[in-house]
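This is what each chain is made of:
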Amino acid sequence: VSSDRDVTRIVRSWLDEGVNVLPDRVLDLVLDQIPATPQRRAGWLARRFPVMNNTFVRFGIAAAAVLLAALIGFQFLSPNVGTPQPTPSASPSSSAATAASPWSLLDASEDIYLLPAGDYYLDLPTYPARIDFALPDGWWYYSSGTTREASDAHAILVDSLDTGAANGSGWGVSFTLVAEVFADPCNPSGGSMDASVTESADALATAFGTWPDFPATVEDVTVGGFSGTRVEITRAETATCLRAAAFSTPAGYRFEMQGPSSLPVADQFTFLDVDGSVLVIWTTDFSATSPFEVAGGASPDPDAHVGDQVELRSILDSIVITPR
Amino acid sequence: MDTELVIRAQRGDEEAFTSLAVAVGDRLHAVAHRILRDIDLAEDATQQALLSVWRDLPQLRDPARFDAWSYRLLVRACYAEARRTRRWAPNLRLLPADEPMGADGMSLVIDRDQLERGFRRLSIDHRAVVVLHHYLDLPLSEVAEALGVPQGTVRSRLHHAMRGLRAALDADARPTRREGSQ
């Protein structure tokens, strides 16, 4: 493309293509709802603010507003509830803890796709701790559920365009919680293990090692200053199901493991005891195209994620966990 | 837009709103489709935007600004749809299948594919600016009014977006890492 003018011409031509007519059924749906949809009246402002003509009253209201804002700020500006400005740095730092202005994942609401490189944190009351980490360029944010605030499965994923998967990558890292561990991942509706298995990192690691069709290897790890247990789960040929769910989160999200693959793939679940709860970090630290990506049309490639693995490990190394 | 129609709808005249919805529905839907790049999401966003128009019309102070105001509601609805339907696979790729070739033949198809990829990498903020300016031909001042942001912000977003789209188009001219390694 030779010039900005050419780009503009191509973009305009491309935008001209596409649908231009709203289907009648959509319009009908709207019009059907109108009689039952009350309008919001605009009288609120008109009734409340005629007194603003009075300078003293206006000053008094402004002063009260400032005072109220100060009180609210004092009340809520604790380290756990503050809302730092969304100013991600241009390049990731080696330590999220030293960043002056990390970016809350929840504040990334306008950027639903690519996250800029920088320092981020996840801080939600349902989690036992705030999690800080540094992201390189080219990663994407996902959260389960209808709102980010209510989600307990937040993930950072690589761009599936690198592998050609039409359905996304499903390859990355997620911060989550466990409510129930399924007795049989191939039959999650069949029941859960005893609730006691969710009470500690060790108990969870032991539980994850009991599935006959999903062999596990266990190692001790330290992440973000907290020691814990990492379980790597693979899939034996005896596993007959296409989709296998390991556990559900308190919000009800079913966490699935890798599907069948001719390439070496695995899920890693890192369990950390944090303030009486267990924080779970899920990762896909393997180099091959994932079964999810292959299902989305990507060509199987044993080295598809070699570069991503380096970045994933740098993200894990940058994690700082701060209990409340 | 017929301001008389807007005023009547503001006062709760459902018939007037029906006429208004018919008049603006196609345009809102076309904009939503170009921002969201998904027909189902666009229909949902348009539906929500039209309901918001009805619900919030009494709060529109200047009926003459109805168009810009309705675009703002539509872009909000696009945000909501994009968030509501976010999936584990946040970066869907749409292929330009079954689309007629233009005068430039294959190169245009490739451009479309590259543009689709590049556009999907943009935030809704950036997409909205591109669509309102380059599709609806709104001047930047009106884009700013429609989105409720300063004109400088619009200029910055447009620059960033067009730079991203240019990069996507230019990427076609060189082999990808994988192609190069094979």
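Above this text is the structure in question.
Throughout this document, residue positions are counted from 1 along each chain, in the order its sequence is written. Chains and ligands are labelled by the order in which they are written, letters from A for the one and numbers from 1 for the other. Since the coordinates come from a predicted model, pLDDT governs what is reported: local features require at least 70, and pairs of side-chain atoms require 80 or more to be given and counted, while whole-chain, interface and lining totals use all residues. The side-chain numbers reported here are obtained from all heavy atoms of the structure, hydrogens and water having been left aside.

A. Examining the pairing of strand S10 (residues 226–233) of chain A more closely. Residue and element names in this part refer to chain A. A simple rule labels every residue: compare its accessible area, found with a 1.4 Å probe on the protein chains alone, to the largest value its type can have, and call it buried under 20%, exposed over 50%, or partly exposed in between. Helix and strand assignments follow DSSP, with helices taken as H or I runs no shorter than four residues and strands as E runs no shorter than two, numbered in order from the N terminus. A large share of S10 lies buried, amounting to six of its eight residues. Strands are labelled as partners when DSSP assigns at least two bridges between them. Here eight bridges tie strand S9 (residues 216–223) to S10, and the two strands are oriented antiparallel to one another. In the sheet register, Glu219 faces S10, and the bridge partner there is Arg230. Counted between consecutive antiparallel strands, the loop separating S9 from S10 contains two residues, among which Gly224 sits at a positive phi close to 60°. In this sheet, strand S13 (residues 267–274) lies alongside S10 in antiparallel orientation, the contact comprising six bridges. Looking at the pairing, Thr229 lines up with Phe271 of S13.

B. Broad picture of the packing of helix H1 (residues 4–16) of chain A against helix H8 (residues 151–171) of chain B. As a rule, the C-alpha atoms of each element are fitted with a line to give its axis, helices using only the stretch in contact, and angles between N-to-C directions run from 0 to 180 degrees. At their nearest, the axes of H1(A) and H8(B) sit 10 Å apart, and the two run at 90° to each other. By the angle between their directions, the pair H1(A) and H8(B) is classed as roughly perpendicular. Residue-level contacts link Asp4(A), Val7(A), Thr8(A), Ile10(A) and Val11(A) of H1(A) to Met162(B), Leu165(B), Arg166(B) and Leu169(B) of H8(B). Across the contact of H1(A) with H8(B), the residue classes tally to six nonpolar, one polar and two charged. When an angle is under 35 degrees it counts as roughly parallel; over 145 it counts as roughly antiparallel; between 65 and 115 it counts as roughly perpendicular; any other value is oblique. The contact definition used throughout considers only heavy atoms, calling two residues in contact when any of these lie within 4.5 Å. Lys, Arg, Asp and Glu make up the charged group, whereas Ala, Val, Leu, Ile, Met, Phe, Trp, Tyr, Cys and Pro make up the nonpolar group; the residues left over, Gly among them, are polar.

C. Summary view of the environment of Pro260(A). Residues and elements named next belong to chain A. Along the polypeptide, Pro260 turns up in the loop between strand S12 (254–257) and S13. By relative accessible area, which is 42% here, Pro260 ends up partly exposed. In this structure the C-alpha to C-alpha distance between Pro260 and Ser290, which are 30 residues apart in sequence, comes to 9.3 Å. Sequence-distant contacts of Pro260, defined by excluding residues within four places in its chain, comprise Arg235, Cys241, Leu242 and Pro291.

D. Structural context of the state of the cysteines. All names here are of chain A. Whenever a pair of cysteine sulfur atoms sits within 2.5 Å, that pair is classed as a disulfide. In total, this model carries one disulfide over all chains according to the counting rule given. Here Cys186 pairs with Cys241 through a disulfide, and the sulfurs are 1.9 Å apart. A torsion of -65° about the S-S bond marks the disulfide between Cys186 and Cys241 as left-handed. Highlighted residues: Cys186 in the loop between strand S8 (180–181) and helix H5 (201–208) and Cys241 in the loop between S10 and strand S11 (244–248), separated in sequence by 55 residues. Taking relative accessible area as the criterion, Cys186 reaches 23% and is therefore assigned partly exposed. Residue classification places Cys241 among the buried positions, given a relative accessible area of 13%.

E. Region of the structure containing the pattern of salt bridges. Whenever Lys or Arg places a side-chain nitrogen within 4 Å of a carboxyl oxygen from Asp or Glu, that contact is recorded as a salt bridge. The final tally for this structure, using the stated rule, is 14 salt bridges over all chains. The closest approach of N and O atoms between Asp123(A) and Arg324(A), which form a salt bridge, is 2.5 Å. Separated by 201 residues along the polypeptide, Asp123(A) in the loop between strand S3 (118–122) and strand S4 (129–135) and Arg324(A) in the segment after strand S15 (320–323) bring together distant segments of the chain. A relative accessible area of 10% places Asp123(A) in the buried class. Here Glu116(B) makes a salt bridge to Arg120(B), at a shortest N to O gap of 3.5 Å. With Glu116(B) and Arg120(B) both in helix H5 (residues 106–121) and four residues apart, this pair spans about one turn of that helix. Residue classification places Arg120(B) among the buried positions, given a relative accessible area of 10%. A single salt-bridge network, built from bridges that share partners, covers Arg37(B), Glu116(B) and Arg120(B).

F. Expanded view of the packing of aromatic side chains. Between rings of Phe, Tyr and Trp, where Trp is taken as its six-membered ring, a pair exists when centres lie within 6.5 Å; planes separated by under 30 degrees are stacked, by over 60 edge-to-face, and by other angles tilted. Taken as a whole and judged by the stated rule, the model has 17 aromatic pairs over all chains. A ring pair is formed by Trp139(A) and Trp171(A), whose centres lie 6.5 Å apart and whose planes are at 55°; its orientation type is tilted. Of the two residues, Trp139(A) sits in strand S5 (residues 139–143) while Trp171(A) sits in the loop between strand S6 (153–158) and strand S7 (172–176), which places them 32 residues apart along the sequence. Note on accessibility: Trp139(A) and Trp171(A) belong to one class, buried. The interplanar angle of 70° and the centroid separation of 5.2 Å between the aromatic rings of Phe208(A) and Phe269(A) together place this pair among those described as edge-to-face. Taken together, the residues span a long stretch of sequence, with Phe208(A) in helix H5 and Phe269(A) in strand S13 at a distance of 61 residues. As far as the burial class goes, Phe208(A) and Phe269(A) line up, both buried. In textbook terms, an aromatic cluster arises when at least three aromatic residues are bridged by ring pairs, as seen for Phe208(A), Trp211(A), Phe247(A), Tyr253(A), Phe255(A), Phe269(A), Phe271(A) and Trp282(A). Both a distance and an angle decide whether a charge sits over a ring: NZ of Lys or CZ of Arg must be within 6 Å of the ring centre and within 35 degrees of the ring normal. Above the plane of the ring of Tyr121(A) lies Arg130(A), whose end atom (NZ or CZ) is 3.8 Å from the centre. It is Arg37(B) that lies over the ring of Phe119(B); its NZ or CZ is 5.7 Å from the centre.

G. Main features of the packing of helix H6 (residues 124–135) of chain B against helix H7 (residues 140–147) of chain B. Residues and elements named next belong to chain B. With their axes 10 Å apart at the nearest point, H6 and H7 run at an angle of 135° to one another. With respect to each other, H6 and H7 are oriented oblique. When you trace H6 past H7, the crossing you get is right-handed. Judged by residue contacts, Ala128, Val129, Leu132 and His133 of H6 engage Leu140, Val143, Ala146 and Leu147 from H7. Per-class residue counts for the contact of H6 with H7 are seven nonpolar, one polar and no charged. Should the near helix be turned anticlockwise from the far one by less than a right angle, the crossing is termed left-handed; should it be turned clockwise, right-handed.

H. Examining the nonpolar core more closely. Membership of the largest hydrophobic core comes to 69 residues, with the highest contact counts inside it found for Phe17(B), Leu57(B), Phe66(B), Val130(B) and Leu132(B). Look past the residues within four positions of Leu57(B) in its chain and what remains in contact with it is Gln39(A), Val6(B), Ala9(B), Gln10(B), Phe17(B), Leu20(B), Ser52(B), Phe66(B) and Trp69(B). We define the nonpolar core as a collection of buried residues of types Ala, Val, Leu, Ile, Met, Phe, Trp, Tyr and Cys that are connected through side-chain atoms lying within 4.5 Å of one another.

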